[in-house]
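# Topology and contacts: notes
Chain by chain, the residues:
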Amino acid sequence: MYDADPAISKPRTFTIGIATRPSITAVTDSLGPVADNGSSYDTDIDVSVIADPNQGVQLYDGDTSIGSLIPLDGKGEGSTTLTNLTRKTYAIKARALYGDRLESPVHRFTIKPHAAITLTSVKHSNGELVQGGNTYDNTVTLTGAFTPLYEVQVYDNDVPRQIVSTLQNGTWTTSLAVDLGNHAVYVKAVATDLQSTS
């Protein structure tokens, strides 16, 4: 009798692929896209990336990792939100956590401080309504300024009223309906909750 032939395992086959260099496909804030070398007034920024499917990438600000690991889906796409950003210029890149750890081109943007929120004018039909003044009108026109394209909310006697968007130049204006009695009017920035100064 002969000994049985030793069992031979089936070969394990696999393919070495060429990794895709990661790309940052979008950087957005509450107003929309933030261009390379652009700016934002938000402290939370969304970053979308694409690389190889079912892998992972990590964002870096220069040589320092920032945010959490980004898992990529079956299309190689993923995103994360960078929170509590400070007022500085960021140089963001995505680094693959596999293969040769390829890196994306850098996307730079600057976080800027919001402008001061102001209420600069209260007018009625006879012109500017001075501090402590009187009117017989049932509407007044408010004007002020804040960061361009952001929202402010009007308050009348501490009661929240309408929300108004600032224009490209940062100014805002709105008509406020008022009834009989005393009124103390101010505005707050929706984004920061800061209150207006006169």
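Treat the numbers as computed from the prediction; the structure is a model and nothing was measured.

## Structural notes on the overall build of the protein
The helix and strand inventory of the protein stands at 0 helices and 17 strands. Over its C-alpha atoms the protein spans a radius of gyration of 28 Å, topping by over 25% the 16 Å that the globule rule assigns to 198 residues. Its C-alpha atoms put the protein at 120 × 35 × 20 Å along the principal axes. By residue count, 35% of the 198 residues in the protein fall in the buried class. Taking as baseline every contact in the protein between residues at least 6 positions apart, the subset at least 24 positions apart corresponds to 58%. Summed over all atoms, the accessible surface of the protein reaches about 12,600 Å², with 50% contributed by carbon and sulfur. Placing the 14 positive and 21 negative side-chain charges of the protein at their respective mean positions leaves the two points 6 Å apart.

## Some details on the sheet that holds strand β17 (residues 185–189)
Strands in a sheet are paired, the pairing made by backbone hydrogen bonds, and the direction either parallel or antiparallel. Strand order in the open sheet formed by 3 strands is β15-β14-β17, with antiparallel pairing between adjacent strands. Each edge of the sheet is formed by a strand with only one pairing partner; in this case those strands are β15 (159–165) and β17. Sheet twist, expressed as the mean angle between neighbouring strand axes with direction ignored, is 30 degrees. Relative to β17, strand β14 (residues 151–156) is paired through 5 bridges, and the arrangement is antiparallel. Directly across from Gln153, in β17, lies its bridge partner Lys188.

## Here we look at the sheet that holds strand β11 (residues 118–124)
An order of β12-β11-β13-β16 is seen for the 4 strands of this open sheet, with the pairing classed as antiparallel. The two strands at the open ends of the sheet, each matched to only one other strand, are β12 (127–128) and β16 (171–177). Alignment of β11 against β12, held across 2 bridges, turns out to be antiparallel. Within the sheet, the bridge partner assigned to His124 lies in β12 and is Gly127.

## Digging into the pattern of salt bridges
Evaluated as defined, the whole model comprises 4 salt bridges. Arg95 is the salt-bridge partner of Glu103, the closest N and O atoms lying 2.7 Å from each other. Between Asp156 and Arg161 there is a salt bridge; the shortest N-O distance is 3.3 Å. Residue class for Asp156 comes out buried when judged on its relative accessible area of 5%. When its relative accessible area of 29% is taken as the criterion, Arg161 is described as partly exposed. One network of salt bridges, with partners in common, ties together Lys93, Arg95 and Glu103.

## Thoughts on the nonpolar core
Ranked by internal contacts, the top residues of the largest apolar core, which has 21 residues, are Val49, Leu59, Leu85, Ile92 and Phe109. The set of elements that each furnish at least two residues to this core consists of β1 (23–29), β4 (45–50), β5 (56–61), β9 (89–96) and β10 (107–111). Of all the elements, β9 adds the most residues to this core, at 4 residues. In contact with Val49, not counting residues within four places along its chain, are Ser23, Ile24, Thr25, Val57, Leu59, Ile70, Leu72, Gly76, Glu77, Gly78 and Ala94. Core analysis: the second largest hydrophobic core is formed by 16 residues, Leu129, Leu142, Tyr150 and Ala189 among them.

## Brief notes about unusual backbone geometry
Positive phi, close to 70 degrees, is recorded for Asp158, a residue that is not glycine. Turning to its location among the elements, Asp158 is positioned in the loop between β14 and β15. We note that Asp193 has phi near 70 degrees; this positive angle belongs to a residue other than glycine. Take Asp193: it is sitting in the segment after β17.

## Describing the environment of Ile66
The topology assignment puts Ile66 in the loop between β6 (64–65) and β7 (70–71). Given a relative accessible area of 16%, Ile66 falls into the buried group. Taking the C-alpha atoms as reference points, Ile66 and Ile117, separated by 51 residues in sequence, lie 31 Å from one another. Discounting chain neighbours no more than four positions away, the residues touching Ile66 are Gln58, Leu59, Tyr60, Asp61, Leu82, Leu85, Tyr90 and Ile92.

Cut-off values and rules
Going along each chain's sequence as written, the residues are numbered from 1 onward. Reporting of local features is limited, given that this is a predicted model, to residues whose pLDDT is at least 70; pairs of side-chain atoms are given and counted only at 80 or more, and all residues count toward the totals for whole chains, interfaces and linings. Only hydrogens and water are set aside when side-chain values are computed; all heavy atoms of the structure are taken into account. Each helix is a run of DSSP H or I of at least 4 residues and each strand a run of E of at least 2, with the numbering of both proceeding from the N terminus. Throughout, radius of gyration means the C-alpha value; the globule benchmark is 2.2 Å times the number of residues raised to the power 0.38. Relative accessibility thresholds used throughout: buried, under 20% of the residue-type maximum; exposed, over 50%; partly exposed, between the two (1.4 Å probe, protein chains only). Residue contacts follow a heavy-atom distance rule, with two residues in contact if any of their heavy atoms lie within 4.5 Å. Shrake-Rupley sampling with a 1.4 Å probe provides the accessible areas, and residues are treated as covered by the protein chains on show and by no other component. Here Asp and Glu are counted as negative and Lys and Arg as positive; His is not counted, and neither are the chain ends. In plain terms, the charge of a residue is placed at NZ if it is Lys, CZ if Arg, CG if Asp and CD if Glu. Two strands are counted as paired when DSSP detects at least two bridges linking them. In this analysis, axes come from line fits to C-alpha atoms, helices being fitted only over the stretch in contact, and the angle between any two N-to-C directions falls in the range 0 to 180 degrees. Here, a salt bridge means any Lys or Arg side-chain nitrogen found within 4 Å of an Asp or Glu carboxyl oxygen. Nonpolar cores were defined as sets of buried Ala, Val, Leu, Ile, Met, Phe, Trp, Tyr and Cys residues, with membership established by side-chain atoms within 4.5 Å.

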